Amino acid sequence: MLTTERHEWIMDLLRQKQTVKISELVEGTGASESTIRRDLTELEAINLLERIHGGATIRDRNIQELSVSDKSVKNEQEKQRIAAVAAGLVEEGEFIFLDAGTTTFRMIPFLAGKGTVVVTNGLTHVDTLIDHGITTYLTGGYVKGKTRALVGPQATVALSEYRFDRCFLGANGFHPEYGYTTPDPEEAAVKKLAASLSRRTYVVADHSKAGKVSFTKVLPLASAGLITDSLDAAMMEAVENETTVKVVTE
């Protein structure tokens, strides 16, 4: 296995079992114990896992999700600028998917008057969409308490009936190797499906998400354009090697 393949295999097993032994990883990958120990050290360095005696476990903080109110006060100005640029990509009369999230929420006022039709799984989005006269469809599904996102089988079944010109997703992290990630597998499933139903997909994420990796992979970087604000030179180069990046300035 290549290093990236081993890393993905290790993380897949951790997602299934939460805790794994080095001996399991050696047997499963065919790599030496020293190689596996090095892999675990590298994965721990980017906060994907925590090494424990004889193995590794998923970091608890990668599973946790901030509430909408907690997220809404973080990097407000950056989110507002990103939202304005993202909404500017939407053309007259397009059908779009607007993911649950605080940056996608900020796109709504900039969509007014465009004749846009929006499908969303963001419960917090609905009143503002209606207030701005935007035709809105809401997926069904289970309501997550913290993020007010609609998820689960009912959400994906409803979503599968639509096709979109553009899809705008939020993410808890973006990483050159591990792509776009989010803490909740159910939210990830909705995001993946929406992207697959859209002609163009964009992730809106401010600089604080750069290099971060959360519990569940949504998409590889190459599968969606990234709209963000200032990144350091090394991260910018790494991300640009994988996808189209639009950096929003003041």
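About the cut-offs
- Residues numbered from 1 in each chain as written.
- Predicted model: local features only at pLDDT ≥ 70, side-chain atom pairs only at ≥ 80, totals over all residues.
- Heavy atoms only, no water.
- Helix = DSSP H or I, 4+ residues; strand = E, 2+ residues; numbered from the N terminus.
- Buried < 20%, exposed > 50% of the residue type's maximum accessible area, 1.4 Å probe, protein only.
- Salt bridge = Lys/Arg side-chain N within 4 Å of Asp/Glu carboxyl O.

**Concerning the side chain of Asp-165**
Part 1 of the reasoning: Within the secondary structure, Asp-165 is located in strand β9 (residues 164–169).
Part 2 of the reasoning: Residue Asp-165 is classed as buried on the basis of its relative accessible area, which comes to 17%.

**Side note on the pattern of salt bridges**
Part 1 of the reasoning: Enumeration over the complete set of coordinates arrives at ten salt bridges.
Part 2 of the reasoning: The salt bridge partner of Arg-37 is Glu-33, with a shortest N-O separation of 2.8 Å. Of this pair, Arg-37 and Glu-33 both sit in helix α3 (residues 33–45), separated by four residues, roughly a single helical turn.
Part 3 of the reasoning: In this structure, the salt-bridge partner of Asp-165 is Arg-199, at a minimum N-O distance of 3.1 Å. Residue Asp-165 is located in strand β9, and its partner Arg-199 is located in strand β12 (residues 198–204); the two are separated by 34 residues in the primary sequence.
Part 4 of the reasoning: Assessed through its relative accessible area of 53%, Arg-199 is described here as exposed.
Part 5 of the reasoning: Members of the salt-bridge network, linked through shared partners, are Glu-91, Glu-94 and Arg-166.

**Digging into the environment of Leu-13**
Part 1 of the reasoning: Structurally, Leu-13 is set in helix α1 (residues 3–17).
Part 2 of the reasoning: With a relative accessible area of 14%, Leu-13 lands in the buried category.
Part 3 of the reasoning: In this structure the C-alpha to C-alpha distance between Leu-13 and Glu-24, which are eleven residues apart in sequence, comes to 9.6 Å.

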